[in-house]
Amino acid sequence: MSKKTGRLHFLGTGTSQGIPVVGCKCDTCSSYDPKDKRFRSSVHVVYNGIHLQIDAGPDFRTQLLRYDIAHIDAVLFTHEHQDHIAGLDDVRPIIFKTGLAMPIYAQERVINRIRKVYDYAFEEQPYPGAPRIVAHQINKKPFSIQGVEVLPIPIVHGQLPILGYRIGGMAYLTDTNLIPDESIALLKDLDVLILDALHHREHFSHFTLEQALLQAKKIGAKQTYFIHMSHHMGTHETVEKQLPKEMNLAYDGLEIKFS
Ligand SMILES: [Zn+2]
Ligand SMILES: [Zn+2]
């Protein structure tokens with residue numbers, strides 16, 4: 001069997017407000033280190049030549065421009081919160097160029113939310129500039145996008161059952177404070193785990209860094225990258241020094257490979 005190759009680009013690694021937070025003068029928000037500037041969290045994955053976008057938040061257009069992303073074959077959504085769906089309309093230039101509707105993949109509840117927010121895209125006769133979107137409802141079962149196998153990983157975000165995704169040796173688990181045991185079992189032999197770590201203080205819907213470190217150790221990926229950080233996490237440089245060598249804070253623009 002041929003070896004599959006994956007590339008992943010972190011387009012954003014911040015929590016819902018991003019960093020800097022509007023109006024905040026804390027050490028993290030005032031830092032000059034580019035690694036302390038965090039857009040809302042999302043990643044762009046290229047696997048066997050297929051371009052998959054996971055989440056598209058309010059910074060999406062700027063992220064596509066900054067990281068020179070010109071093509072997307074499908075968008076996968078983890079959940080319906082605004083910091084993960086607010087940028088979907090910005091796939092229009094890609095749709096206009098390819099002439100193809102953009103396939104999106106999400107759970108039923110998330111698709112219903114997207115249909116509400118982007119009602120103009122789902123009208124029977126949308127206006128000519130509206131995005132053409134084809135919604136694919138998924139559940140816990142593996143599915144395939146142009147030959148790329150995607151395994152949904154059920155996780156919990158406060159009260160909300162949401163999905164992470166595993167593609168090859170990479171798993172992306174954002175916005176979670178609970179990974180059920182059945183889902184841990186789906187995370188064996190990972191090259192790369194990408195995991196929510198909000199900050200240090202306990203939160204009702206996100207792992208703290210300390211909780212995320214324990215989960216990452218339990219899952220045992222070769223390398224773990226933490227995402228969805230708030231400004232209360234501290235500066236990238238300070239926190240990075242405290243982490244074991246197989247774990248890092250991700251930062252916007254970081255590119256990694258996996259098999
Ligand atoms: Zn979020
Ligand atoms: Zn701040």
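Worth saying up front: this structure is predicted, and the values here are computed from it rather than measured.

Cut-off values and rules
- Residues numbered from 1 in each chain as written.
- Chains lettered and ligands numbered in written order.
- Predicted model: local features only at pLDDT ≥ 70, side-chain atom pairs only at ≥ 80, totals over all residues.
- Heavy atoms only, no water.
- Donors = N, O, S within 2.8 Å, 3.2 Å for Na, K, Ca; no water.
- Tetrahedral: all angles 85-135°; square planar, octahedral: opposite > 155°, others 65-115°.
- Helix = DSSP H or I, 4+ residues; strand = E, 2+ residues; numbered from the N terminus.
- Buried < 20%, exposed > 50% of the residue type's maximum accessible area, 1.4 Å probe, protein only.
- Pairing = 2+ DSSP bridges.
- Axes fitted to C-alpha atoms, helices over the stretch in contact; angles between N-to-C directions.
- Contact = heavy atoms within 4.5 Å.
- Phe/Tyr/Trp six-rings, centres within 6.5 Å; stacked < 30°, edge-to-face > 60°.
- Lys NZ or Arg CZ within 6 Å of the ring centre and 35° of its normal.
- Right-handed = clockwise from strand over helix to strand, strands pointing away.
- Polar contact = N/O pair within 3.5 Å; in protein donor to acceptor, adjacent residues only side chain to side chain.

For the rest of this paragraph, the subject is the coordination of the zinc ion (ligand 2). At the metal site, the zinc ion (ligand 2) is ligated by C24 (SG), C26 (SG), C29 (SG) and H231 (ND1), and these contacts range over 2.0 to 2.3 Å. Its four donor atoms give the zinc ion (ligand 2) angles of 104 to 115° at the centre, a pattern that matches the tetrahedral case. Linear spacing of the donor residues for the zinc ion (ligand 2) on their chain is C-x1-C-x2-C-x201-H. A residue pair is termed long-range when its members are at least 10 positions apart, and C26 in the loop between β1 (6-12) and α1 (27-30) and H231 in the loop between β12 (223-227) and α8 (236-241) qualify at 205 residues. Residue classification places H231 among the buried positions, given a relative accessible area of 12%.

What follows is about the coordination of the zinc ion (ligand 1). Geometry sets the ideal angles at a metal, namely 109.5 degrees for four tetrahedral donors and 90 or 180 degrees for six octahedral donors. The coordination sphere of the zinc ion (ligand 1) contains the protein donors D83 (OD), H84 (NE2), D175 (OD) and H228 (NE2), at a distance range of 2.1 to 2.3 Å. Geometry at the zinc ion (ligand 1) is irregular, judged from the four donor atoms that bind it and their angles of 92 to 161° at the metal.

Moving on: the sheet that holds strand β9 (residues 160-167). With mixed pairing, the seven strands of this open sheet are ordered in space as β7-β8-β9-β10-β11-β12-β13. The sheet terminates laterally at β7 (143-145) and β13 (247-249), the two strands that pair on one side only. This sheet shows a mean twist of 25° between the axes of neighbouring strands, independent of strand direction. Bridge count between strand β10 (residues 170-173) and strand β11 (residues 192-196): four bridges; the pairing is parallel. Considered in β11, the bridge of M170 is made with V192. On top of the sheet, helix α7 (residues 209-219) reaches β11, β12 and β13; it is set at about 155° to β11, its chief contact.

Scanning the model with the defined rule gives six aromatic pairs in all. One cation-aromatic arrangement involves K35 over Y251; the distance from NZ or CZ to the ring centre is 4.6 Å.

Bringing the pairing of β11 into the picture now. Counting buried residues in β11 gives five out of five residues, a clear majority hidden from the surface. Neither face of β11 is open: one carries V192, I194 and D196, the other L193 and L195, and all of them are buried.

Glancing now at the pairing of β12. The buried count for β12 comes to four of five residues, which makes it a mostly enclosed element. Of the pairings in the sheet, the one linking β11 to β12 comprises five bridges and is parallel in character. Opposite V192, over in β12, you have Q223 as the bridge partner. On the question of chirality, the crossover connecting β11 to the parallel β12 by way of α7 is right-handed. Alignment of β12 against β13, held across three bridges, turns out to be parallel. Residue F226 lies in a different strand from β13, and its bridge partner there is L249.

The next subject is the side chain of H199. Mapping H199 onto the fold places it in the loop between β11 and α7. Polar side-chain contacts of H199 include one of 3.4 Å to the backbone oxygen of R201. Within the structure, the side chain of H199 is placed 2.8 Å from the side chain of S230, a separation counted as a polar contact. Residues in contact with H199, not counting those within four places in the same chain, are F207, T208, L209, E210, S230, H232 and M233.

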